[in-house]
Amino acid sequence: SAVISQKPSRDICQRGTSLTIQCQVDSQVTMMFWYRQQPGQSLTLIATANQGSEATYESGFVIDKFPISRPNLTFSTLTVSNMSPEDSSIYLCSVEDYRAPGTEAFFGQGTRLTVV
Amino acid sequence: AQTVTQSQPEMSVQEAETVTLSCTYDTSESDYYLFWYKQPPSRQMILVIRQEAYKQQNATENRFSVNFQKAAKSFSLKISDSQLGDAAMYFCAYMRNMLTFGGGTRLMVKP
């Protein structure tokens, strides 16, 4: 299994500012995934991050708002830019089992973001 | 696109009793994976159980078991001998090329 360390665990931010969330994995993985979980809702995929290429964004999410970096096979960041109260959510990073991609997903502890 | 539906927003069970959470999904694929994840207040997503679509046998993990009906595209989770620590949000998920989650079911366990 993969162990994912996600930071920060929570933050309260002023509107108009940006927050960068970090995910560190204890093993090399090809793809990392970023999800948003709005209050009381399910998880929605924001983007898939591959090392060495631009992230692939899902419908409704754009790079200018959620820039992602993937500098190596164990690390990724998601930035929430120009925040508004509507961005208040839990953000989670995830990886798939590198030994058998597509068979299991592991998640970080999540970042609870509150925008005031 | 695949969709996953959990028709029970909330469920309640008495401690030590059995509860079943429902999940249906829509896909045209024959090879995929299905999961049940638990999310306690700590926010950590915890894998409860996994089912490979090509396997006819229902997966079992201790007190957790599934009823996988491939033709009906149904994947329910049964929790036996419910414990207070089982209280959480439960998400059904489908994986082919990407992971798609259902809307979740909040399970409450009464002492």
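Preceding this paragraph is the structure being described.
As a starting point, this report considers the structure included with it. In this text the structure is predicted, and so the values were computed from the model without any measurement.

In this section: the interface of chain B and chain A. The interface is formed by 17 residues belonging to chain B together with 22 residues belonging to chain A. At the boundary of chain B with chain A, total buried surface from both sides reaches about 1,600 Å², with 52% on carbon and sulfur atoms. When the area that chain B buries against chain A is broken down by residue, the three leading residues are Arg43, Gln44 and Phe101 of chain B, summing to 36%. One can count 1 salt bridge joining chain B with chain A. When the shortest N-O distance is used, the salt bridge between Glu104 of chain A and Arg50 of chain B registers 3.1 Å. Our count for the chain B to chain A interface comes out at 7 residue pairs in polar contact (both at pLDDT 80 or more). Within the residue set of the side of chain B that touches chain A, elements represented by two or more residues are β5 (33-39), β6 (46-52), β10 (88-95) and β11 (99-101) of chain B.

So, about the state of the cysteines. As used in these notes, a disulfide is a covalent bond between sulfur atoms, one from each of two cysteines. This model, assessed by the stated rule, comprises 2 disulfides over all chains. Two residues share a disulfide in this structure: Cys23 of chain A and Cys93 of chain A, whose sulfurs sit 1.5 Å from each other. Across the disulfide from Cys23 of chain A to Cys93 of chain A, rotation about the S-S bond amounts to roughly -75 degrees, and the bridge is consequently left-handed. Taken together, the positions of Cys23 of chain A in strand β3 (residues 19-25) and Cys93 of chain A in strand β9 (residues 89-96) put the pair 70 residues apart, joining distant regions of the chain. Like Cys93 of chain A, Cys23 of chain A is buried. Between the sulfur atoms of Cys23 of chain B and its disulfide partner Cys92 of chain B the distance amounts to 2.0 Å. The sign of the -70 degrees torsion about the S-S bond sets the Cys23 of chain B-Cys92 of chain B disulfide as left-handed. Taken together, the positions of Cys23 of chain B in the loop between β3 (19-21) and β4 (24-26) and Cys92 of chain B in strand β10 put the pair 69 residues apart, joining distant regions of the chain.

Criteria and thresholds
Position labels on residues start from 1 in each chain and follow its written sequence. Whichever chain is written first is A, and whichever ligand is written first is 1; the rest continue in order. Selection of residues for local features in this predicted model requires a pLDDT of at least 70, selection of side-chain atom pairs for listing and counting requires 80 or more, and totals for whole chains, interfaces and linings are taken over all residues. Excluding hydrogens and water, the side-chain figures rest on all heavy atoms present in the structure. Any two residues whose heavy atoms approach within 4.5 Å at even a single point are treated as in contact. Put simply, buried area is how much 1.4 Å-probe accessible surface two parts lose in total, over both of them, once they are put together. Salt bridge, as applied in this entry: a Lys or Arg side-chain nitrogen positioned within 4 Å of an Asp or Glu carboxyl oxygen. We call two N or O atoms a polar contact when they sit within 3.5 Å, provided that within protein one can donate a hydrogen and the other can accept it, with sequence-adjacent residues counted only if both atoms are side-chain atoms. Going along the chain from the N terminus, every DSSP run of H or I of four or more residues is numbered as a helix, and every run of E of two or more is numbered as a strand. The criterion for a disulfide is a pair of cysteine sulfur atoms lying within 2.5 Å. Think of it in three bands: residues with accessible area under 20% of the maximum for their type are buried, residues over 50% are exposed, and the middle band is partly exposed, with areas taken using a 1.4 Å probe on protein chains only.

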